[in-house]
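As a plain string of letters, each chain reads:
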Amino acid sequence: MSKEIQNEDPKKLAEFEAKINSGEKIEPKDWMPELYRKQLIRMMSQHAHSEVVGMLPEGNWITRAPSLRRKLILLAKVQDEAGHGLYLYNSAETLGVDRGELINQLLQGKAKYSNIFNYPTLTWADIGVIGWFVDGAAMVNQTMLAKCSYGPYSRAMLRITKEEAFHNRQGYELIAQLCAGTPEQKQMAQDSVNRWWFPSLMMFGPPDAQSPNSEILMRWKIKTESNDQLRQRFINMTVPQAIARGLTLPDPDLKFNPETKNWEYGKLNWDEFYAVVNGKGICNKERMEARINAHENGRWVREAALTYSLKRQTVN
Ligand code: 3HC
């Protein structure tokens, strides 16, 4: 048992775990082990950072959307992601942290965001594949997190997963249109699938055996399924969709096992994953520069809002 848990009051810890195992939610004012609170802040803040940084690759294509309809859809999706980020910072603040502190940790390189947003969006097809693969993976992950033992996170997920379903469907529709288009459009979709498939599988985190956080997260039902279980669910959901569109996934070892009903897959490149997570991905530098600039350029808005709210308080 980790030192942090050993220092907890055993009676309170037993009551806490009985509550979780009975399916009750833990609410902000309830007693909770410090490690439970710390793990939630880590996950929820990284999740919020991912939503906001995730706006950058897609925002890159808003001015270049091929039709007004597609521009409207992309605008709506990017705005949704901003809302998800704010929702998640709100949920994290129920644990007594300040979003300013969390955002500073990100801007100082002390907090993570999802690996997937460090890949470039080179063609319009990438916007479709992000919706199809990235939001599809997020939907699988977040549907699980909607059962999380911490009330505010679980409720945030209920709202967010509904919007992820729209994100996923619009992405797949975009890819279906390209696949039904000219040979060049179909090839653009195939090229995008080739570049995004493996990084999307790695979104679920390292293999269970290499996942230092999963054990405690699953003991306290923050996560109710493992990284590999969720990855497998996403693969089983997505491979038939690719086949239906006549697209080939870039994994020669992909094969259906009729016994387990799983699509078995080849080795993932975990060296690439850890390199990207540790700042050495294709777009890490560009994403962080953009995020820091946005924060700086928005300083006046934050100061104006703060001044206004302080004035309001003195007047009332
Ligand atoms: N990207 C970056 N870092 C990752 C990662 C990923 N895809 N997967 C794992 N890691 C990091 C973990 O943060 C951990 O490092 P830390 O201890 O310093 O935080 C380390 O790798 C080991 O991983 P673990 O499996 O032990 O970590 P977790 O148990 O936390 O599992 C997770 C990782 C699956 C990402 C989990 O944290 C989680 O479910 N987080 C909430 C969901 C989330 O953050 N999703 C990000 C995508 S948001 C999105 O897609 C927006 C959509 O609208 C497009």
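We now turn to the structure provided with this report. No experiment lies behind these values; they were computed from the predicted model shown. (Residues numbered from 1 in each chain as written. Predicted model: local features only at pLDDT ≥ 70, side-chain atom pairs only at ≥ 80, totals over all residues. Heavy atoms only, no water.)

1. Structural notes on the side chain of S91
Reasoning step 1: Mapped onto the elements of the fold, S91 is located in helix 5 (residues 68–93).
Reasoning step 2: Exposure remark for S91: the relative accessible area of 6% places this residue in the buried category.
Reasoning step 3: Looking at S91, its side chain comes within polar contact range of the main-chain oxygen of Y87, at 2.9 Å.
Reasoning step 4: Sequence-distant contacts of S91, that is, excluding residues within four places in its chain, are made with M44, Y150, P152 and A156. (Helix = DSSP H or I, 4+ residues; strand = E, 2+ residues; numbered from the N terminus. Buried < 20%, exposed > 50% of the residue type's maximum accessible area, 1.4 Å probe, protein only. Polar contact = N/O pair within 3.5 Å; in protein donor to acceptor, adjacent residues only side chain to side chain. Contact = heavy atoms within 4.5 Å.)

2. So, the packing of helix 9 (residues 183–202) against helix 11 (residues 227–244)
Reasoning step 1: Contact pair helix 9 / helix 11: the axes reach a minimum separation of 9 Å and the direction vectors enclose 150°. Looking at the two axes, helix 9 sits roughly antiparallel to helix 11. Facing helix 9, whose interface residues are W197, L201 and M202, helix 11 presents R231, F234, I235, T238 and V239.
Reasoning step 2: Taken together, the residues that form the contact of helix 9 with helix 11 break down as six nonpolar, one polar and one charged. (Axes fitted to C-alpha atoms, helices over the stretch in contact; angles between N-to-C directions. Parallel < 35°, antiparallel > 145°, perpendicular 65-115°, else oblique. Nonpolar A, V, L, I, M, F, W, Y, C, P; charged D, E, K, R; others polar.)

3. Overview of a nonpolar patch on the surface
Reasoning step 1: A cluster of nonpolar residues, L68, L72 and L75, forms a patch on the protein surface that exposes about 300 Å² of accessible area.
Reasoning step 2: Following the sequence through the fold, L68 ends up in helix 5.
Reasoning step 3: L68 sits in the exposed class, given a relative accessible area of 62%. (Patch = residues over 30% accessible without salt bridge, like charges linked within 9 Å, V, L, I, M, F, W, Y side chains within 5 Å. Areas by Shrake-Rupley, 256 points an atom, 1.4 Å probe, with all protein chains shown as cover. Salt bridge = Lys/Arg side-chain N within 4 Å of Asp/Glu carboxyl O.)

4. Side note on the pattern of salt bridges
Reasoning step 1: All told, the structure shown has 20 salt bridges when counted by the stated rule.
Reasoning step 2: In this structure, E34 and R37 form a salt bridge, with 3.0 Å as the shortest nitrogen-oxygen distance. Highlighted residues: E34 and R37, both in helix 3 (residues 34–53), separated by three residues, approximately one helical turn.
Reasoning step 3: On the accessibility criterion, E34 (38% relative accessible area) is partly exposed.
Reasoning step 4: A salt bridge links K255 to E264, with the shortest nitrogen-to-oxygen separation between them at 3.4 Å.
Reasoning step 5: The structure contains a network of salt bridges with shared partners spanning E58, K77, E81 and D135.

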